[in-house]
Protein chains: 2
Amino acid sequence: MTAKFGKVALLGIGLIGSSMAHAIRRAGAAEHIAGYSHRAETLEVARGLGFADSLSTNPVECVKDADLVVLATPVGAFGELAEKIAPHLKKGAILSDVGSVKGAVIRDVGPFVPDGVHFIPAHPIAGTEQSGPSAGFAELFDGRWCILTPVPATSDAAVEKLKAFWQALGSQVEVMDARRHDLVLAITSHVPHLIAYNIVGTADDLETVTEGEVIKFSAGGFRDFTRIAASDPTMWRDVFLNNKEAVLEILGRFSEDLFHLQRAIRWSDGDTLFDLFTRTRAIRRSIIDAGQDTPAPNFGRGEKKDK
Amino acid sequence: MTAKFGKVALLGIGLIGSSMAHAIRRAGAAEHIAGYSHRAETLEVARGLGFADSLSTNPVECVKDADLVVLATPVGAFGELAEKIAPHLKKGAILSDVGSVKGAVIRDVGPFVPDGVHFIPAHPIAGTEQSGPSAGFAELFDGRWCILTPVPATSDAAVEKLKAFWQALGSQVEVMDARRHDLVLAITSHVPHLIAYNIVGTADDLETVTEGEVIKFSAGGFRDFTRIAASDPTMWRDVFLNNKEAVLEILGRFSEDLFHLQRAIRWSDGDTLFDLFTRTRAIRRSIIDAGQDTPAPNFGRGEKKDK
Ligand SMILES: NC(=O)c1ccc[n+]([C@@H]2O[C@H](COP(=O)([O-])OP(=O)(O)OC[C@H]3O[C@@H](n4cnc5c(N)ncnc54)[C@H](OP(=O)(O)O)[C@@H]3O)[C@@H](O)[C@H]2O)c1
Ligand SMILES: NC(=O)c1ccc[n+]([C@@H]2O[C@H](COP(=O)([O-])OP(=O)(O)OC[C@H]3O[C@@H](n4cnc5c(N)ncnc54)[C@H](OP(=O)(O)O)[C@@H]3O)[C@@H](O)[C@H]2O)c1
């Protein structure tokens, strides 16, 4: 199975779209990379960076003759985009996306997919807190997972083709159904982002502690949350609006567990605290063993010079 | 004001104690560094690393003739240690600590401080998720803040001396009262750690998502929380047991705010989400401007090669 496509159309060339372009170039996984963005300024920046062979503010123009079309805007824009491009998709093409939620994408995009086009939703589990076309880099997907959530009727050959493509971009690939994806990501990504945004908001609202104090003494742990809470607002608004059910379910569990800890603190139950704090270390070790993070101490932010 | 002491006794030579030893050496801020640890194995490791001039499992031996004594064990051990060493402290010496809470330290240690000894609680706002004597490094305190919380009766000269010492170790120094310290740190450090431990615990307990899935797909944000939740269990148990009031107050605010977000998600109120997610970015920028974090994108964990 060759990972190579003729023309790949990236609808959205922010962090993820531009990183895909860089990784496609590195892998030689396409003959032509076409990029679309809705603002001319973004195209200007992309042109300067040179990661695409053609650029347009017209999505229809962008998808013309494309063998692979990837939706890479915030998910809230997928439905409208899909409606616009659907009549212009090439027969036999694969239509995919990189959205952080999958059930809603199938709901919004699925109805527009014409006969003879293979619709395979995808989500690369990789990112940074930065956004826009200059934030992208070829190595973003290396060693990370990409989840495909094809509906049952999807052609196996098309799934295999997209799988080989993401592997060529550096990813490992997993296939699961959209519902499961949305639940797993609610705990490994969506709720963590929500509580990071929330604690930063709480700090900002406190009348008893000044913003200057929060900033000065942020190295005690808070700054790590601000990093996550610096992620793109539009993207994350769309994620929460489109994965309500799973996010609310996990949030309920989180709050229940937090009340349990709060009670342990109130009643000086040190054992409950100690047991949890010990258990969480094992998960950290497994993540490092699985190659999904580095063991280098990071709170010190790499200032260590002698090791 | 010279930053230099004759003998400095470090009671506890884990991450913070050993980092102090390295930083003292680098600055030439002491003629003799004495280290104490309660387990012989820890001393063995420290001996191999060579950051102390003398090492002992006897705290009384360690503080003999010391001009500066620093408590650097988990805060739950401070009271007992203080009681043991108090009668053996040199007249005119400074007794300090590095504990992450300050009101409880004044409560537990204060009553044992003999006349003629200057007791000045301190807290360097710097750390990593690792612990033990091999985790230490000289640069840990560079550019970070150290908070001193002397009680009103404390000699100004002694405070100035300790201030100069921490500056020599690379820190900026701020003086505030213990109550304020405990409130500020509850929001910038203690509650962030608690919610990180909590979300990792919630993930571990879910019956609907496997541990394997959580680990594989942790790069979506979760892995950053596991880093924080890998911090030392004993240290953090002691922090929460000893800063109850402020932690419970901030936790109450955090939960209230989280319910507000939860409701916004349930009722598809995208504007509330978008507004918060935008506001939090400004705080991130201020932290970077204040030199308390680097702007380099970190979710990608430095895999970016071309920039
Ligand atoms: N960031 C992550 O960590 C991450 C990880 C995995 C998946 N994802 C998913 O990847 C997708 C893109 O995220 P990103 O981080 O690459 O975002 P980004 O850097 O903000 O880029 C978004 C792109 O979409 C375009 N766009 C925004 N709103 C649009 C609209 N209403 N109509 C048409 N185009 C629009 C932007 O164009 P202009 O610049 O011209 O406005 C830009 O090209 C999202 O669906 C997100 O869920 C993100
Ligand atoms: N880690 C941080 O991010 C950070 C930041 C600022 C302040 N602090 C504060 O610094 C202090 C030390 O933290 P750390 O990170 O350096 O911890 P650490 O690396 O775990 O080291 C703790 C040290 O205390 C000793 N110790 C532990 N329990 C003891 C007991 N019951 N009696 C006597 N000695 C005992 C240990 O000896 P053995 O190895 O022999 O058991 C070790 O030398 C804590 O009070 C903490 O609140 C920590």
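Before any of the text, the structure's been laid out above.
Residues numbered from 1 in each chain as written. Chains lettered and ligands numbered in written order. Predicted model: local features only at pLDDT ≥ 70, side-chain atom pairs only at ≥ 80, totals over all residues. Heavy atoms only, no water.

Participant: Residues and numbers for the interface of chain A and chain B, please.
Facilitator: Residue-level contacts link 116 residues of chain A with 117 residues of chain B. For the pair chain A and chain B, the summed buried area comes to about 11,500 Å², and 64% of that belongs to carbon and sulfur atoms. When the area that chain A buries against chain B is broken down by residue, the three leading residues are Phe-217, Phe-277 and Phe-299 of chain A, summing to 7%. Between the two partners, chain A and chain B, sit twelve salt bridges. Across the pair Arg-180 of chain A and Glu-213 of chain B runs a salt bridge whose closest N-O atoms are separated by 2.7 Å. Along the contact surface separating chain A from chain B lie 43 residue pairs in polar contact (both at pLDDT 80 or more). Counting residues per element, the side of chain A that touches chain B draws most heavily on helix H7 (residues 178-205) of chain A, at 21 residues. A breakdown of the residues in the side of chain A that touches chain B according to their chemical character gives 53 nonpolar, 31 polar and 32 charged. (Contact = heavy atoms within 4.5 Å. Buried area = accessible area lost by both parts, 1.4 Å probe. Salt bridge = Lys/Arg side-chain N within 4 Å of Asp/Glu carboxyl O. Polar contact = N/O pair within 3.5 Å; in protein donor to acceptor, adjacent residues only side chain to side chain. Helix = DSSP H or I, 4+ residues; strand = E, 2+ residues; numbered from the N terminus. Nonpolar A, V, L, I, M, F, W, Y, C, P; charged D, E, K, R; others polar.)

Participant: Outline the pairing of strand S8 (residues 145-148) of chain A, listing residues and values.
Facilitator: Residue and element names in this part refer to chain A. Neither face of S8 is left uncovered, since the one carrying Trp-145 and Ile-147 and the one carrying Cys-146 and Leu-148 both have all their residues buried. As paired strands, strand S7 (residues 122-124) and S8 are joined by three bridges and run antiparallel to one another. Across the sheet, Ala-122 pairs through a bridge with Leu-148, a residue of S8. Between the parallel elements S8 and strand S9 (residues 172-175), the chain passes through helix H6 (residues 156-168) in a crossover that is right-handed. (Buried < 20%, exposed > 50% of the residue type's maximum accessible area, 1.4 Å probe, protein only. Pairing = 2+ DSSP bridges. Right-handed = clockwise from strand over helix to strand, strands pointing away.)

Participant: Please provide a residue-by-residue account of helix H2 (residues 40-49) of chain B, values included.
Facilitator: Within the span of H2 of chain B, buried status applies to Thr-42, Leu-43 and Ala-46 of chain B. Take H2 of chain B and look down its axis: the buried residues cluster within an arc of 100 degrees, on one side only. (Arc of directions from axis to C-beta.)

Participant: Give me the lowdown on the site of ligand 2, citing residues and values where you can.
Facilitator: Residues and elements named next belong to chain B. Lining the immediate environment of ligand 2, one finds 28 residues, of which Ser-37, His-38, Thr-42, Thr-73 and Ser-100 sit closest. Measuring from an oxygen atom of ligand 2, one finds a side-chain N or O atom of Ser-100 at 2.7 Å. In the complex, 85% of the free accessible area of ligand 2, which totals 910 Å², lies under the protein chains. Only helix H1 (15-27) and strand S7 (122-124) provide two or more residues apiece to the shell around ligand 2. Within the shell around ligand 2, the residues separate by chemical class into 13 nonpolar, 13 polar and two charged. (Near = heavy atom within 4 Å. Areas by Shrake-Rupley, 256 points an atom, 1.4 Å probe, with all protein chains shown as cover.)

Participant: Can you lay out unusual backbone geometry for me, pointing to particular residues and giving the numbers?
Facilitator: The phi angle at Ser-268 of chain A is positive, at roughly 55 degrees, despite the residue not being glycine. Its location among the elements puts Ser-268 of chain A in the loop between helix H11 (244-266) and helix H12 (270-289). In this structure Ser-268 of chain A comes out as partly exposed when scored by relative accessible area, which is 39%. In the Ramachandran plot, Asp-65 of chain B falls in the positive-phi region, its phi being about 65 degrees despite a non-glycine side chain. Tracing the chain through its elements places Asp-65 of chain B in the loop between helix H3 (59-63) and strand S4 (68-71).

Participant: Describe in detail the packing of H12 of chain A against helix H10 (residues 233-242) of chain B, supporting the description with residues and values.
Facilitator: Between H12 of chain A and H10 of chain B, the least distance of the axes is 9 Å, while the angle of their chain directions is 145 degrees. Handedness of the H12 of chain A/H10 of chain B crossing: right-handed. On H10 of chain B, the residues touching Gly-270, Leu-273, Phe-274, Phe-277, Thr-278 and Arg-281 of chain A of H12 of chain A are Pro-233, Thr-234, Trp-236, Arg-237, Phe-240 and Leu-241 of chain B. Across the contact of H12 of chain A with H10 of chain B, the residue classes break down as seven nonpolar, three polar and two charged. (Axes fitted to C-alpha atoms, helices over the stretch in contact; angles between N-to-C directions. Left-handed = near helix turned anticlockwise from the far one by under 90°.)

Participant: Tell me about the sheet that holds S9 of chain A, and name the residues and values.
Facilitator: Residue and element names in this part refer to chain A. Overall, mixed pairing links the three strands, which are arranged S7-S8-S9 in an open sheet. Each of the sheet's edge strands pairs with one partner strand only, and the pair in question is S7 and S9. When strand polarity is set aside, the average angle formed by the axes of neighbouring strands in this sheet is 20 degrees. Across the face of the sheet, H6 comes into contact with S7, S8 and S9 while running at roughly 165 degrees to S8.

Participant: Let's hear about the sheet that holds strand S9 (residues 172-175) of chain B: which residues, and what values?
Facilitator: Residue and element names in this part refer to chain B. In spatial order, the strands read S7-S8-S9; together these three strands make up an open sheet with mixed pairing. Pairing within the sheet leaves two strands with one partner each, and these edge strands are S7 and S9. Along the sheet, successive strands turn relative to each other by an average axial angle of 20 degrees, direction set aside. Across four bridges, the pairing between strand S8 (residues 145-148) and S9 is parallel. Within S9, the residue paired with Cys-146 across the bridge is Val-173.

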